[in-house]
Amino acid sequence: MRIEDLISSVPTGLWIGGEERTATSTFNVLDPSDDQVITAVADATAEDAIAALDAACAVQAEWAATPPRTRGEILRSVFEKITERADDIAALMTLEMGKVLPESKGEVAYGAEFFRWFAEEAVRIDGRYTHAPAGTGRILVTKQAVGPCYAITPWNFPLAMGTRKMGPAFAAGCTMIVKPAQETPLTMLLLAKLMDEAGLPKGVLSVLPTSSPGPVTSALVDDGRLRKLTFTGSTGVGKALVKQSADKLLRTSMELGGNAPFIVFDDADVDAAVDGAILAKMRNGGEACTAANRFHVANSVREEFTEKLVKRMSEFTLGKGLDPSSTLGPLINSKQVATVTELVSDAVSRGATVAIGGVAPGGPGNFYPATVLADVPADARILSEEVFGPVAPITGFDTEEEGIAAANDTEYGLAAYIYTQSLDRALRVAESIESGMVGINRGVISDPAAPFGGIKESGFGREGGVEGIEEYLDTKYIALTK
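Described below are features of the structure shown in this document. (Residues numbered from 1 in each chain as written. Predicted model: local features only at pLDDT ≥ 70, side-chain atom pairs only at ≥ 80, totals over all residues. Heavy atoms only, no water.)

**Regarding the side chain of Thr232**
Here is the rule: Helix and strand definitions here come from DSSP, where helices need a minimum of 4 consecutive H or I residues and strands a minimum of 2 consecutive E residues; each element is numbered from the N-terminal end. When a residue's accessible area, from a 1.4 Å probe over protein chains only, is under 20% of the maximum for its type it is buried; when over 50% it is exposed; and in between it is partly exposed. Here a polar contact is recorded for every N or O atom pair within 3.5 Å, except that within protein the pair must consist of a potential hydrogen donor and a potential acceptor, and residues adjacent in sequence are included only if both atoms are side-chain atoms.
Following the sequence through the fold, Thr232 ends up in strand S10 (residues 228-232). Looking at Thr232, the relative accessible area reads 6%, which means it is buried. A polar atom in the side chain of Thr232 sits 2.9 Å from the side chain of Lys165.

**Examining the packing of helix H2 (residues 46-65) against helix H8 (residues 213-221)**
What counts, and what does not: With axes taken as lines fitted to C-alpha atoms, and helix axes fitted only over the stretch in contact, angles between N-to-C directions fall between 0 and 180 degrees. Should an angle lie under 35 degrees it is considered roughly parallel, over 145 roughly antiparallel, and from 65 to 115 roughly perpendicular; all remaining angles are considered oblique. Here is the rule for handedness: rotate from the far helix to the near one, and if that takes an anticlockwise turn smaller than a right angle the crossing is left-handed, while a clockwise turn gives right-handed. Here, two residues are considered to be in contact whenever any of their heavy atoms come within 4.5 Å of each other. Nonpolar residues are Ala, Val, Leu, Ile, Met, Phe, Trp, Tyr, Cys and Pro. Charged residues are Asp, Glu, Lys and Arg, and all others, Gly as well, are polar.
Running from N to C, H2 and H8 point in directions that differ by 40°, and their axes come no closer than 8 Å. Regarding the angle of H2 to H8, the classification is oblique. Pair H2 / H8 crosses with right-handed handedness. Residues Ala46, Ala49, Ile50 and Leu53 of H2 pack against Pro215, Val216, Ala219 and Leu220 of H8. Residue composition of the contact of H2 with H8, by class: eight nonpolar, no polar and no charged.

**A closer look at the sheet that holds strand S5 (residues 128-131)**
Threshold: At least two DSSP bridges between two strands are required for those strands to pair.
Sheet architecture is open: three strands sit in the order S5-S6-S20, paired in antiparallel fashion. Where the open sheet ends on each side, the last strands, each with one partner, are S5 and strand S20 (473-480). Within this sheet the neighbouring strands show an average axis-to-axis angle of 20°, counted without direction. Here strand S6 (residues 138-145) runs beside S20; their pairing, made up of eight bridges, is antiparallel. If you follow Thr142 over to S20, its bridge partner there is Lys476.

**Side note on helix H14 (residues 423-432)**
What counts is decided by this rule: Directions from the helix axis toward the C-beta atoms define the arc.
Residues of H14 that are buried include every one of Arg425, Ala426 and Val429, and no others. Buried residues of H14, seen end-on, are gathered within an arc of 100° and therefore sit on one face of the element. Opposite the packed face of H14, turned more than 90 degrees from it, sit the exposed residues Leu423, Asp424 and Glu431. Packing partners of the buried residues in H14 comprise helix H13 (400-408), strand S17 (415-419) and strand S18 (437-440).

**Thoughts on the nonpolar core**
Soluble globular proteins: nonpolar side chains tend toward being buried together. Formally: Nonpolar cores are built from buried Ala, Val, Leu, Ile, Met, Phe, Trp, Tyr and Cys residues. Side-chain atoms within 4.5 Å join them into one set.
Core analysis: the largest hydrophobic core is formed by 62 residues, its most contacted members being Phe115, Met166, Phe170, Met176, Met195 and Leu205. Top element by residues in this core is helix H7 (residues 186-197). It accounts for eight residues. For Phe170, the contacting residues outside a window of four places in its chain are Trp63, Arg71, Leu75, Thr175, Met176, Met195, Leu200, Val204 and Leu205. Counting residues in each nonpolar core, the second largest holds 42 residues, with Phe262, Ala277, Ala415 and Tyr419 among its members.

**What about the packing of helix H4 (residues 86-97) against H7?**
One way to put it is that H4 packs onto H7 with a least axis distance of 9 Å and a crossing angle of 155°. Here H4 is positioned roughly antiparallel relative to H7, judged by the angle of their axes. Seen from H4, the contacting residues are Ile89, Leu92, Met93 and Glu96; seen from H7, they are Leu186, Thr187, Leu190 and Leu194. Each residue belonging to the contact of H4 with H7 can be placed in one class, and the counts come to six nonpolar, one polar and one charged.

No statement about biological role is implied by the geometric values presented.
Okay, structure coming up:
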């Protein structure tokens, strides 16, 4: 499909109650590769948010009572619909977010899997029945849908961050309102249309693009009918949302910032570690909460690792995501380019060496090259702040204990990566790392069948796996007589 035809096929209004509606105003969606306007979309207000919640509440009881098998079959149909339209979704995602097309195609496949996985989990919601130990009666435990949910999703994975929330919510019998990021609303709006075509009942999903998320979020969170808030984004915003949700005691799930350590021990296969480093650092152009943010490398292999990583990073080609010759697209906007530039400059001012890259090319678009920083000092901000870009800062350590201490020296705890050829060391270190997820000798760890989430200031709650659906279920105890 031609890009012009693809854009014209995407809903640009509000998606409320399974139907497209006009809004009182619009905002522009920009192509980060040149900052040109792609199209304008509806700009939701607080009143629109309440209309979406009205629609969700109107069908909540009916959707929760829908047989699990039926809910699962609808989710399976959505998976198939996404798969059929994979190329179109990927192109649209690249257009509004910037990542190179192969990356977008990978996200479509990954994002679709959440519907297939939770289609199967919908029929496995269970409880228990047992005798009370004191002999006073029977204990019956059941699980029920939490109720209407509000999901706030980020721009870096416009499809998958939504499907990872919608899949378990719909499987559990919950309705959901989604607020996509202002930078990337088109992918979610197209997904809403495809879900409607796949048979999702009207009202189960609403999508509210907006340039003013504050009033929209406040209107929903302050309404006692909303029962769940799920958010993926920065730790600062997550903390504010948790405080805001406390008045109504909403169920909350927070998938927040990361500062993932990538630890290479002296017994590691260095070539394999470099392969893993490229995956862990450069997936999504480094704009991922699970991206390796800092590289702690045993001093005995640090020089070899650095040289080989620099060679691999030199092979990336900057360019527009839709250009087949590009292997690294733009960052999301100029603000993000400025953030990356500032962190690199700070590291260099403190003694780090730029082994490759390190300077934004300028000109149109929000590009930043693949960059490696060597000999990064411990006080460099880039070791403690999330860079969210294609920059690999390398620092050394001598002992296993020093490596673990360096990895844990952060308030975050989302993901971590370990490279070693010793099984004993791998398990020992993995158990010592303060992180919700640990990859051993692999650079990509996300899997719809595994629980995704962090600890410390990386948030709480899990998405994916058998654990993911529990976030959308309430436990009810029914006391029976003998």
